[in-house]
Amino acid sequence: MRVAILKLAALACAMLAGGAATAQEKVMSPTILSLGTATPGGGFPLYGDAFAEVMNAADPGLQLKTQNTKGSTENIPLLEEGRLDLALVAGEPAYEAFKGIKRAPTRLKILTALYSNPGMFVVRADSPYRTIRDLVGKPVAFGAKGSGLVFLSRYVLDGLGLDQDKDFQAIYLDRAGDGPAMVLDGRVAALWGAGIGWPGFKAMSESPGGARFIAPDAGEIAQIRSKHSFLKPLLIGANSYPNQPVPIASVGSWSYIVTRETLPDEVAYRLAKTLHGAEATLGVKLAQARETTASNTVAAAPELSMIHPGVLAYFREIGVVK
């Protein structure tokens, strides 16, 4: 009888120990989040990989796993369907989704603003093309199918009274990284892109023959904004790319990391707090990520209500939002 009691006691202890271990494992298990980016060779995968690496290092309890997608137009429905937790979305498709343009308004939320996207074309340095009008009728690579860059170019050109598909020989890429080679070998006259540190612009600028940028002039910027006022005047500083000695003025918008509607407030709060503490590290890792700040997120969001409630709670703690 005594042996039986001892065996039962040992079994109970083992079960209690096992239960404690299981509870501890649950506490220690990282929060795994999927992060949708875009096609290889573009700016979103470059940023997404750097963002995930810095965030994972700053908070090992968070594990962001990047996933290549077709870009903004695929990321939005994937988030709405709950098949992604987070995703990078360009300003124009985000604007249309939030405002319900050509669709029902989305209930997705902004985690953070990434960086501003002044849009412009790049051509070979020996190209005869010097203005946007010079490119009319020419083959132009406007970016990857589903990319937010395609949305931006449509708005910019529409503001100038031009139709992207009718007034140009528009080419849409399967991979964003294919564009520079097409300009360099003459298959297209120009490549459309946006922002600082964009891989396509970097590849063109560093090519043996060099490159030249074409952006709207001051009159064209005013014309574009008179029709599409949500596009903001933006500047690419001098020497942002090799052999670019003077600043380039253009128009564009901000890209975001957007969350699924059901992302818990406590997870969004933790992400915002971790990111705020890692802003400097992320900026050192990737030049364009220097614009990824709490204050820029508040300024870039079309409305505060579009920022995730968990993020807003953290912003109120640090005084960025009242």
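Just above, that's the structure.
Residues numbered from 1 in each chain as written. Predicted model: local features only at pLDDT ≥ 70, side-chain atom pairs only at ≥ 80, totals over all residues. Heavy atoms only, no water.

Draft legend 1. Expanded view of unusual backbone geometry. Here the phi dihedral of Asn 239 falls at roughly 65°; this positive angle occurs in a residue that is not glycine. With respect to the secondary-structure elements, Asn 239 resides in the loop between strand 9 (232-236) and strand 10 (248-259). Here Asn 243, not a glycine, exhibits a phi torsion of approximately 60°, which is positive. When you line up the elements, Asn 243 lands in the loop between strand 9 and strand 10. (Helix = DSSP H or I, 4+ residues; strand = E, 2+ residues; numbered from the N terminus.)

Draft legend 2. The arrangement of helix 5 (residues 148-159) in detail. Its 12 residues place the ends of helix 5 17 Å apart at the C-alpha level, agreeing with the 16 Å of an ideal helix rising 1.5 Å per residue. Counting buried positions over the 12 residues of helix 5 gives nine, a clear majority of the element. Buried within helix 5 we find Gly 148, Leu 149, Val 150, Leu 152, Ser 153, Tyr 155, Val 156, Leu 157 and Gly 159. Looking one or two residues past helix 5, Gly 161 carries a phi angle of roughly 80°, positive in sign. (Expected span 1.5 Å × (residues − 1). Buried < 20%, exposed > 50% of the residue type's maximum accessible area, 1.4 Å probe, protein only.)

Draft legend 3. Broad picture of the side chain of Glu 92. Checked against the element boundaries, Glu 92 lands in helix 4 (residues 91-99). No salt bridge forms around the buried Glu 92; measuring N to O, its nearest opposite-charge neighbour Lys 232 is 11 Å away. (Lys, Arg positive; Asp, Glu negative; His and termini not counted. Salt bridge = Lys/Arg side-chain N within 4 Å of Asp/Glu carboxyl O.)

Draft legend 4. Highlighting the packing of helix 9 (residues 265-277) against helix 12 (residues 309-318). For the pair helix 9 and helix 12, the least separation of the axes is 7 Å and the interaxial angle reads 45°. With respect to each other, helix 9 and helix 12 are oriented oblique. In terms of crossing hand, the pair formed by helix 9 and helix 12 is right-handed. Along the contact surface, helix 9 presents Asp 265, Ala 268, Tyr 269, Ala 272, Lys 273 and His 276, while helix 12 presents Pro 309, Gly 310, Val 311, Ala 313, Tyr 314, Glu 317 and Ile 318. Residue composition of the contact of helix 9 with helix 12, grouped by class: eight nonpolar, two polar and three charged. (Axes fitted to C-alpha atoms, helices over the stretch in contact; angles between N-to-C directions. Parallel < 35°, antiparallel > 145°, perpendicular 65-115°, else oblique. Left-handed = near helix turned anticlockwise from the far one by under 90°. Contact = heavy atoms within 4.5 Å. Nonpolar A, V, L, I, M, F, W, Y, C, P; charged D, E, K, R; others polar.)

Draft legend 5. The environment of Lys 99, seen in detail. As for its placement among the helices and strands, Lys 99 is situated in helix 4. On the basis of relative accessible area, Lys 99 is assigned to the partly exposed category, the value being 40%. A sequence separation of 168 residues divides Lys 99 from Val 267, and the C-alpha atoms of the two residues are 26 Å apart. Ignoring any residue separated from it by four or fewer positions in sequence, one finds Lys 99 in contact with Glu 303 and Met 306.

Draft legend 6. Examining the pattern of salt bridges more closely. What the rule picks out here adds up to 14 salt bridges. Its salt-bridge partner being Glu 53, residue Lys 285 comes within 3.2 Å of it at the nearest N-O pair. You can see Lys 285 sitting in helix 10 (residues 279-285) and its partner Glu 53 sitting in helix 2 (residues 43-58), a full 232 residues away along the chain. A relative accessible area of 40% means that Lys 285 is categorised as partly exposed. Residue Arg 187 pairs with Asp 185 through a salt bridge whose shortest N-O separation is 2.8 Å. Among the residues examined, Arg 187 registers a relative accessible area of 47% and is labelled partly exposed.

Note that all results are geometric; they support no functional claim without further evidence.
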